[in-house]
Amino acid sequence: MYGRESLPVHTVEGRCRICGARTHVLRLTEFNLKLCPPCYLRFFERRVRRALENHDMVREGEKVAVALSGGKDSVALLYALKRLGVVMGFDLAALHFHLNMGDFSDRNLQVVEEQCALAQVELRVVRIGDMGLRVQRVKGWHPCAVCGAVKRALFNREATRMGAQAVATAHTLEDILLFAFKNLLSRKYLVPQPVLPPENGLVRKIKPLYYMPERLNLVYCRLRGLPVFEEKCPTWSPHGHALKEVFEHMEKVIPSSKLQLALSLKEVLPSRDPDSLVPAKPCSRCGEPATQDPCTLCRLADWFSGRQGDPGAPYEG
Ligand SMILES: [Zn+2]
Ligand SMILES: [Zn+2]
């Protein structure tokens, strides 16, 4: 079950720090730890639980909607939250957006369905094509900006329809660093927060993997035997991710520096989140809470239907 070749961490000689086992011991440089696979799984779930508890992300009796793309991060989050929900007394459902990108989106959905069946979690699929939307270049917008804006707008309305009090996204330690750093380099001082409180008709947004290096999510998936959708999105470009290599190099030179850097940035930068900068008001067209009027979805739908020539400026985030 624990194939060495498929894991993104090294197995090493020595003993598990927790139980003393000597087989398949994994070296987690980020935490200066050596753990056997069963202890790793408990360690991972304990860290997610600590994030939930320390930031008061979810309360007993609530329902959490997990934004499930099907990649390693979101399926690790789904599965860990499913197990923690049983112990902590919250309910879980998954929310997947079919992004209207042909076979790619169909294959993506198939894996997501397998993941939800395995985790025994209710799945809500939202097809953006049914709303007249698709992910492609729009005047002034990169396709990734369209995708991000559509997802951001839909998280809230769909989670509300599902009866959820919170949406959990699988932002990882690297995502947090990348965002904060890109801003810092253009002299904007913002760091995403682990929790965005519910306000202005928006549900609470939580990031339980805020302190989790992404390769450890993959280790969790592999050890639990979870199916992962590994295809790159057709609009993916290396450019947007190049800065991540800087962090990886830094981590090689100084183990655990990514985590320390994120903690330091969070301490010194203002505690604001990009999503909370503008108060939400109801869109005059669809009535959903939005930060612009008409809301992003209404403006993009107009653009795709050819009724209006200007989709406006991309959301700055
Ligand atoms: Zn152990
Ligand atoms: Zn609208």
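What comes next concerns the included structure. None of the values given here were measured: they were computed from a predicted structure. (Residues numbered from 1 in each chain as written. Chains lettered and ligands numbered in written order. Predicted model: local features only at pLDDT ≥ 70, side-chain atom pairs only at ≥ 80, totals over all residues.)

1. Overview of the sheet that holds strand β6 (residues 122-127)
So, step 1. Taken in spatial order, the 6 strands make up an open sheet running β6-β5-β4-β7-β9-β8, and their pairing is mixed. The open sheet terminates on both sides in strands that have one partner only, identified here as β6 and β8 (195-196).
So, step 2. Direction of pairing for β8 relative to strand β9 (residues 204-206): antiparallel, over a ladder of 2 bridges. Looking across to β9, one finds that Leu 196 is bridged to Lys 205.
So, step 3. Contacting β5 (91-98) and β6, helix α3 (residues 103-119) crosses the sheet at an angle of about 170° to β5.
So, step 4. Packed onto the sheet, helix α4 (residues 143-161) meets β4 (63-67), β5, β6 and β7 (166-168) and runs at close to 140° relative to β5. (Pairing = 2+ DSSP bridges. Helix = DSSP H or I, 4+ residues; strand = E, 2+ residues; numbered from the N terminus. Contact = placed C-beta atoms within 7 Å. Axes fitted to C-alpha atoms, helices over the stretch in contact; angles between N-to-C directions.)

2. Let's talk about α3
So, step 1. Helix length check: α3 (17 residues) gives 24 Å between terminal C-alpha atoms against 24 Å at 1.5 Å per residue, within 8%.
So, step 2. In the segment just after α3, Gln 120 is the residue with positive phi, at about 55°. (Expected span 1.5 Å × (residues − 1).)

3. So, the nonpolar core
So, step 1. The biggest cluster of nonpolar side chains holds 83 residues, and the ones touching the most others in it are Val 64, Val 66 and Val 150.
So, step 2. Excluding its chain neighbours within four sequence positions, the residues that come into contact with Val 66 are Ser 74, Leu 77, Leu 78, Leu 81, Leu 92, Ala 94, Leu 95 and Ala 168. (Core = buried A, V, L, I, M, F, W, Y, C linked by C-beta atoms within 7 Å. Buried ≥ 20, exposed ≤ 12 C-beta atoms within 10 Å, placed from the backbone.)

4. A closer look at the sheet that holds strand β3 (residues 33-35)
So, step 1. Here we have 3 strands laid out as an open sheet, ordered β1-β2-β3, and antiparallel in their pairing. The sheet is open, and its two edges are formed by β1 (11-12) and β3, each paired on a single side.
So, step 2. Here β1 runs beside strand β2 (residues 25-28); their pairing, made up of 2 bridges, is antiparallel. Opposite Thr 11, over in β2, you have Leu 26 as the bridge partner.

5. Let's talk about the packing of helix α2 (residues 72-88) against helix α6 (residues 214-224)
So, step 1. At a closest axis distance of 8 Å, the pairing of α2 and α6 adopts a crossing angle of 60°. Relative to α6, the element α2 lies oblique. Helix-helix and strand crossings are classified by hand; for α2 and α6 the assignment is left-handed. In this structure, α2 uses Lys 72, Asp 73, Val 75, Ala 76 and Tyr 79 to contact α6, whose residues at the interface are Glu 214, Asn 217, Leu 218, Tyr 220, Cys 221 and Arg 224.
So, step 2. When the residues that make up the contact of α2 with α6 are grouped by side-chain class, the tally is 6 nonpolar, 1 polar and 4 charged. (Parallel < 35°, antiparallel > 145°, perpendicular 65-115°, else oblique. Left-handed = near helix turned anticlockwise from the far one by under 90°. Nonpolar A, V, L, I, M, F, W, Y, C, P; charged D, E, K, R; others polar.)

6. A short note on the pairing of β6
So, step 1. Inspection of the sheet shows β5 paired to β6 by 6 bridges, in the parallel sense. Bridge pairing in β6 places His 96 opposite Val 125.
So, step 2. Viewed along the sheet, the connection from β5 through α3 into β6 turns out right-handed. (Right-handed = clockwise from strand over helix to strand, strands pointing away.)

7. Here's the deal with the environment of His 96
So, step 1. Mapping His 96 onto the fold places it in strand β5.
So, step 2. Taking the C-alpha atoms as reference points, His 96 and Lys 151, 55 residues apart in sequence, are found 9.6 Å from one another.
So, step 3. Leaving out residues up to four positions away in the same chain, His 96 has contacts with Leu 68, Leu 109, Val 112, Leu 123 and Val 125.

8. Observations concerning the environment of Glu 230
So, step 1. Mapped onto the secondary structure, Glu 230 falls in the loop between α6 and α7 (242-253).
So, step 2. By the C-beta count within 10 Å, which is 10 here, Glu 230 ends up exposed.
So, step 3. Each C-alpha atom of the pair Glu 230 and Val 268 lies 36 Å from the other, and the pair is 38 residues apart in sequence.

Everything listed here is a matter of geometry and, on its own, says nothing about what the molecule does.
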